[in-house]
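# Topology and contacts: notes
Here is how the chains run, residue by residue.
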Amino acid sequence: MNPSESSAEGLRILIVGGVAGGASAAARARRLSESAHITVIERGPDVSFANCGLPYYIGGDITQRDDLAVQTPTSLSQLLNLEVLTNTEATSINPLEKTLLIKNLATGETTTRHYDKLVLAPGASPIQPNLPGIDLPRVHTLRTLQDMDHIDQDLDCVASVLVLGGGFIGLEMAEQLQHRGLDVSLVERNPQLLPPLDSELSRDLAVALHEKGVDLHFSENMTSIKADGSTMKAHFQSGLELEADLVILSVGVKPDSHLALEAGLELGERGHIRVNEFQQTSDPAIYAAGDAVETHDSILGGYRPLPLGGPANRQGRTAADHIFRGEKALPYPGSIGTAIVRVFDQVAAITGSSERDLIKRSTPYKTVTINAASHADYYPGAEIIKLKLLWSPDDSRLLGAQAIGLEGVDKRIDVLATALRARMTIDDLCHLELCYAPPFGSAKDPVNLAGFAACNLRDGLLKPFYAVPETPAQIIDVRPVAKSQSQPVPGAKNIPLPELRSRLGEVDPDQPVFTICQMGKTSYFAARILQQHGYDAHSIIGGVNVNL
Ligand code: FAD
């Protein structure tokens, strides 16, 4: 399918879904063709609203509800000269006749619309586990402005909330509900929060929540919710029982792909609509974008869904681009998985593959974690960023990165997401020329330092060890005496780095040595001294910060 610009004039384009992917497709389509007949069909009453902002209205960071309505149906229609049908559901596609059956949800009336091109952007629905009590009135999911309003109203007369699920939305909700002064419990089925993040970084998120008084429970499976007077009791497989006045379910989303399934379009293993680089489905006249699709995985190959706002918007744009510009359209290069969340005073961000992804895909990888200051440490306000890189041992190409900290986490992961997209290696990271003045960064940015550490590891200059070894092992704690005494490492001997050269006699040359410090940098310097004196010295990655 390769329409020229002129033959695409006057096309009838139907778009199912009027929020991120759908509105973006409509806007790009109109900018490319003034003569196309574009209709947006939206089941709900709103179009183009900021679903990412919903938790922040509930918590009070965003005070004006109207700020969440990026466009109203009328303003969208006027701005782009579109037909916008709200409260209207697309109920079936006939790909052979190129028709779409739609139903006016207010009147029940159904009509058939013909299309030249159809764009599906139906999104994904919150998963509602099939459990007793899940339909109690104060058990909520959050997707629409109406969901938000219901939660907001109910919160006025409750004191405690149970958030089920510690993914992105669950974490944002826990933070915002605590801001609102409620007692918050958060229960996660996995042994850690935010499963896309590797566990040693995720631990810091748990600490941040715990310190703010959020009651955390891991590895718990809910079995039922029961009304208990004016409150509710949630029951878990382990026997745990938690009382809450309101429950937020944030246990993931599933693609709204039943229209595509019934029309015989190709779906992926988990029910996502499979698309090519121009967002075309297995029927070239039907495009799809957003949370309902899976695109090429440009890091590991195969396909991956990525239910996030950025991909949905850019995919919608790509679909419209291809409809009007054919092969001249800029293809969607595939998702890499870049995401960020703030939980009180911790920000966690990820791009590319995590260690868990790589193990699952049997992809060989190497990894290093550094701790570095967000800006020059002598300039006030520097915060520690924990930054982890994953790369391929075959060609040193970056496979993923994760960071946690506060200031500057977004910037480092954005740089690394760009590096990943550009298929850079760990060597390339060493000489990225990044902004530096004391309030913003350091002469060696954390991204450069992570590149140095990765190259040192690859080149054998750094022998990493990823945990405090079991005793008996020869562990040398190279921190200052006071630090070592205040946070002792079990079984370690304290030899501060400046004394190491003069106290080498205290280190047994016939046994491996494991050096440890606070964050993993001084232990590397110590290991280099020891290695050059003939010791089999290993540096404990991340130091006590990661390992104790
Ligand atoms: P949606 O935006 O969900 O739009 C799909 C629309 O299609 C819906 O309005 C639906 O009513 C309509 N529809 C479905 N089926 C039909 C049908 N048969 N007929 C007519 N209409 C239909 N992403 C981020 O990147 N960062 C964030 O911080 C972030 N925070 C979020 C917070 C919350 C609370 C939520 C819910 C999501 C958040 N997201 C975030 C995810 C982001 O909002 C989605 O990835 C994005 O909106 C997906 O766009 P979409 O167009 O695929 O689907």
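Details of the structure are given in the entry above.
Below you will find a few notes about this structure. (Residues numbered from 1 in each chain as written. Predicted model: local features only at pLDDT ≥ 70, side-chain atom pairs only at ≥ 80, totals over all residues. Heavy atoms only, no water.)

### Some remarks on the overall build of the protein chain
To keep it simple, the criterion reads: Secondary structure follows DSSP: runs of H or I at least 4 residues long count as helices, runs of E at least 2 residues long count as strands, and numbering of each begins at the N terminus. Each radius of gyration is computed over the set of C-alpha atoms, and the globule rule expresses the reference value as 2.2 Å times the number of residues to the power 0.38. In this scheme, a residue with accessible area under 20% of its type's maximum is buried, one over 50% is exposed, and one in between is partly exposed, where area comes from a 1.4 Å probe on protein chains only. Here, residues are in contact when the closest pair of their heavy atoms is within 4.5 Å. Accessible areas in this description were obtained via Shrake-Rupley with a 1.4 Å probe; residue shielding takes into account the shown protein chains only. His is not counted, nor are the chain ends, whereas Lys and Arg count as positive and Asp and Glu as negative. Charge coordinates come from a single atom per side chain, which is NZ of Lys, CZ of Arg, CG of Asp or CD of Glu.
For the protein chain, the count of helices and strands is 15 helices and 31 strands. Taken against the 2.2 N^0.38 rule, which gives 24 Å for 548 residues, the C-alpha radius of gyration of the protein chain at 27 Å falls within 12% of a compact globule. The principal-axis extents of the C-alpha atoms in the protein chain amount to approximately 90 × 65 × 40 Å. The burial tally for the protein chain puts 54% of its 548 residues in the buried class. Within the protein chain, contacts between residues at least 6 apart in sequence are counted, and of these 61% link residues at least 24 apart. About 23800 Å² of surface is accessible on the protein chain, with carbon and sulfur atoms providing 51% of the total. Here the protein chain holds 48 positive side-chain charges and 66 negative ones, and the gap between their average locations is 4 Å.

### Observations concerning the packing of helix 1 (residues 20-32) against helix 8 (residues 309-325)
Here is the rule we go by: Axis definition: a line fitted to C-alpha atoms, limited for helices to the stretch in contact. Angles are taken between N-to-C directions and run from 0 to 180 degrees. A clockwise turn of the near helix away from the far one marks a right-handed crossing, whereas an anticlockwise turn of less than a right angle marks a left-handed crossing. When residues are grouped by polarity, Ala, Val, Leu, Ile, Met, Phe, Trp, Tyr, Cys and Pro land in nonpolar, Asp, Glu, Lys and Arg in charged, and all others, Gly among them, in polar.
At a minimum axis distance of 7 Å, the contact between helix 1 and helix 8 shows a crossing angle of 35 degrees. For the crossing formed where helix 1 meets helix 8, the hand is right-handed. Contacts between helix 1 and helix 8 involve Ala 20, Gly 21, Ser 24, Ala 25, Arg 28, Ala 29 and Leu 32 from the former and Ala 312, Asn 313, Gly 316, Arg 317, Ala 320, Asp 321, Phe 324 and Arg 325 from the latter. For the contact of helix 1 with helix 8, a count of residues per class yields 7 nonpolar, 4 polar and 4 charged.

### Topic: the sheet that holds strand 4 (residues 88-94)
By definition, the strands of a sheet pair up through backbone hydrogen bonds, in either a parallel or an antiparallel sense. What counts is decided by this rule: One requirement defines pairing of two strands: DSSP has to find at least two bridges between them.
Across the sheet, 3 strands lie side by side as 4-5-6; this open sheet has antiparallel pairing. The two strands at the open ends of the sheet, each matched to only one other strand, are strand 4 and strand 6 (110-114). Each adjacent strand pair in this sheet contributes to an overall mean axis angle of 30 degrees, direction not counted. As paired strands, strand 4 and strand 5 (residues 99-104) are joined by 6 bridges and run antiparallel to one another. The residue of strand 5 that forms the bridge with Ala 90 is Ile 102.

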